[in-house]
Amino acid sequence: MNDPRRRIPRTDALLALAAQEHTALAPHALKALAGKLQQRARDGEITPEEVTPEFLHACRRHPGSLTPVLNATGVVVHTNIGRAPLAPQAIDAMVDAAQYVDVEMDLAAGVRSRDRGRAATDAILAACPAAEDALVVNNGAAALLLAVATFAEGRDVVISRGELIEIGAGFRLPELIESARVSLVEVGATNRTHPFDYERALDNAGAVLKVHPSNYRVHGFTAETTIAQLRELVRPRGCALIADIGSGLLHPDPLLPDEPDATTALGDGADVVLFSGDKLLGGPQAGVMVGTKNAIAKLKRHPLARAVRIDKLRLAALEASLNIASTPVHDYLHANSDQLKARAVAIAAEVGGSVVPHDGRVGGGGAPGFPLPGWAVALDQSLAAPLRAGTPVVLGRVHENELLIDLRCVPPERDHEIAAAIRAAQGKD
């Protein structure tokens, strides 16, 4: 009779309370939420008396479950928390595009338009004049799949063994490429691949693929064949030269001297250059393909292009990200070290801890191992868990038994939220 589980509110009682809240949640979502909280109470994670307030709090929130995070890790393109944060202008563009918009409508003529995504394409070409045309698809993997399927279906794709890479979550490029009904021909060695290695493999080649390695570097006794060298080999044979540069740098950046860029790759002779929209470009998830008019036209005609088509929301966000003067990713990468130190000192003065040098990282496979000099507030690592569970969520970096709070990727106007969250985690508020 004293079992505390008897005090857990009934589902019908919780649903009646939800009706009074005029919540936007559907009945099935409310029942699922009630059941989840009731089970947490049965498991002892929360008390029976906490079920009702937790339920009502959830009813008042938006229907989604993704939690906003303040990124205090120093990693700019952080894969686990959504890679590139969008600029306010890009967010506004997505909100507008969420309604009825003229994505495939010629408003002047009152008929269906064949220029879906034209504004985003024009923005790409304006930002990267070396490209003759462009195509945007769902993500980087989709771009690579479409490229090899278009130019090499039933034929060979030639690639250096040193570029057969695996990136996050066990994703391997060779497996993706071979799913396009092509034969993958590996040439050279892991550390050294020469022009003659490619030349001997071109008899049945539909494409030569040059991939920028992500997340690692090979040092020491190394050699690679450049895009310019490959151009001279493939041009007489009529096969396509595809360059997957990965992170989406449009032009050379002195801050990242070893990171390939689309302008240089096109100038060196690539027919098509592929990169992600949500890394160094600073936009939404997308696979951006730039190249010659002839190559892009072939890509657009392939049946797979429809299957990997990008949606209107990300087209709008990509266009806006390209048309503004700067993106959050660019600003965070180029943050001033002295200003970062001053902000860290101000936080430490308020919450305690020490200010220590801390190198940020590009992240997302971009510029592997390349440091971004900065500063962090070093705190007791025991604060990491409560900061991840607080409101707002603050994600720092635990390293060598310390929690490091790096403000590189935190907008300065939100520093006071970081300080308040730390004080709350310390039990001072």
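The rules we used
- Residues numbered from 1 in each chain as written.
- Predicted model: local features only at pLDDT ≥ 70, side-chain atom pairs only at ≥ 80, totals over all residues.
- Heavy atoms only, no water.
- Pairing = 2+ DSSP bridges.
- Helix = DSSP H or I, 4+ residues; strand = E, 2+ residues; numbered from the N terminus.
- Axes fitted to C-alpha atoms, helices over the stretch in contact; angles between N-to-C directions.
- Contact = heavy atoms within 4.5 Å.
- Buried < 20%, exposed > 50% of the residue type's maximum accessible area, 1.4 Å probe, protein only.
- Arc of directions from axis to C-beta.
- Right-handed = clockwise from strand over helix to strand, strands pointing away.
- Core = buried A, V, L, I, M, F, W, Y, C linked by side-chain atoms within 4.5 Å.
- UniProt positions renumbered as here; feature names shortened; annotations may be inferred.
- Phe/Tyr/Trp six-rings, centres within 6.5 Å; stacked < 30°, edge-to-face > 60°.
- Lys NZ or Arg CZ within 6 Å of the ring centre and 35° of its normal.

1. Quick word on the sheet that holds strand β12 (residues 375-380)
Item 1. Strand order in this open sheet of four strands is β11-β12-β15-β14, and the pairing throughout is antiparallel. Because the sheet does not close on itself, it has two edges, and the strands there are β11 (354-357) and β14 (397-399). Taken pair by pair, the neighbouring strands of this sheet meet at an average axis angle of 40°, ignoring direction.
Item 2. Direction of pairing for β14 relative to strand β15 (residues 402-406): antiparallel, over a ladder of three bridges. Paired with V398 across the strands is L403, a residue of β15.
Item 3. Along the sheet face, helix α15 (residues 337-351) touches β11 and β12 and points at about 25° away from the line of β12.

2. Thoughts on helix α11 (residues 293-301)
Item 1. Among all positions in α11, only A295, I296 and L299 are buried. One side of α11 carries all its buried residues, which in axial view fall inside an arc of 95°. More than 90 degrees from the buried face of α11, the exposed residues found are K293, N294 and R301.
Item 2. Among the structural elements, β4 (133-137), α6 (140-152), β9 (272-276), β10 (287-291) and α12 (304-307) are those in contact with the buried residues of α11.

3. Focus on the side chain of S276
Item 1. One can find S276 in strand β9.
Item 2. Its relative accessible area of 7% is what places S276 among the buried residues.
Item 3. Residues within four places of S276 in sequence aside, it is in contact with R83, G140, G246, S247, G248, L281 and A286.

4. A few points about the pairing of strand β7 (residues 205-211)
Item 1. Along β7, seven of the seven residues are buried, which leaves the element largely enclosed by surrounding structure.
Item 2. Here strand β5 (residues 156-160) runs beside β7; their pairing, made up of three bridges, is parallel. Following the sheet pairing, V158 is matched in β7 by V208.
Item 3. Across five bridges, β7 lies against strand β8 (residues 240-246) in parallel orientation. The partner of L209 across the bridge, within β8, is I242.
Item 4. With respect to chirality, the unit in which β7 leads through helix α9 (residues 227-234) into the neighbouring parallel β8 is right-handed.

5. Some points on the nonpolar core
Soluble globular proteins tend to pack their nonpolar side chains together in the buried interior.
Item 1. Core analysis: the biggest nonpolar cluster contains 39 residues, and V208, V273, F275 and V290 have the highest contact counts within it.
Item 2. The greatest single-element share of this core, amounting to five residues, is contributed by helix α5 (residues 118-127).
Item 3. With sequence-adjacent residues up to four places away left out, F275 is seen in contact with I245, G246, G248, L250, A262, L281, A286, G287, V288 and V290.
Item 4. If you look at the next biggest cluster of nonpolar residues, it comprises 34 residues, including V157, A180, A240 and I296.

6. Observations regarding the UniProt feature "modified residue: N6-(pyridoxal phosphate)lysine" (unreviewed entry) in the protein chain
Item 1. Per the UniProt annotation, the sites labelled "modified residue: N6-(pyridoxal phosphate)lysine" (unreviewed entry) are K279.
Item 2. Mapped onto the fold, K279 is located in the loop between β9 and β10.
Item 3. Contacts of K279, omitting those with residues within four sequence positions, involve V77, R83, A84, G246, S247, V329 and G364.

7. Remarks on the packing of aromatic side chains
Item 1. According to the stated counting rule, one finds zero aromatic pairs in the structure shown.
Item 2. Here the basic side chain of K341 rests over the ring of W375, its NZ or CZ set 4.4 Å away from the ring centre.

8. Remarks on the sheet that holds β5
Item 1. Taken in spatial order, the seven strands make up an open sheet running β4-β10-β9-β8-β7-β5-β6, and their pairing is mixed. What marks the edges here is a single partner per strand, and that holds for β4 and β6 (183-187). Averaged over all neighbouring strand pairs, the angle between strand axes comes to 25°, with direction disregarded.
Item 2. Both β4 and β10 contribute to a ladder of five bridges, which runs antiparallel. Bridge pairing links L135 to M289 in β10.
Item 3. Packed on one face of the sheet, α9 meets β7 and β8 and runs near 160° to β8.

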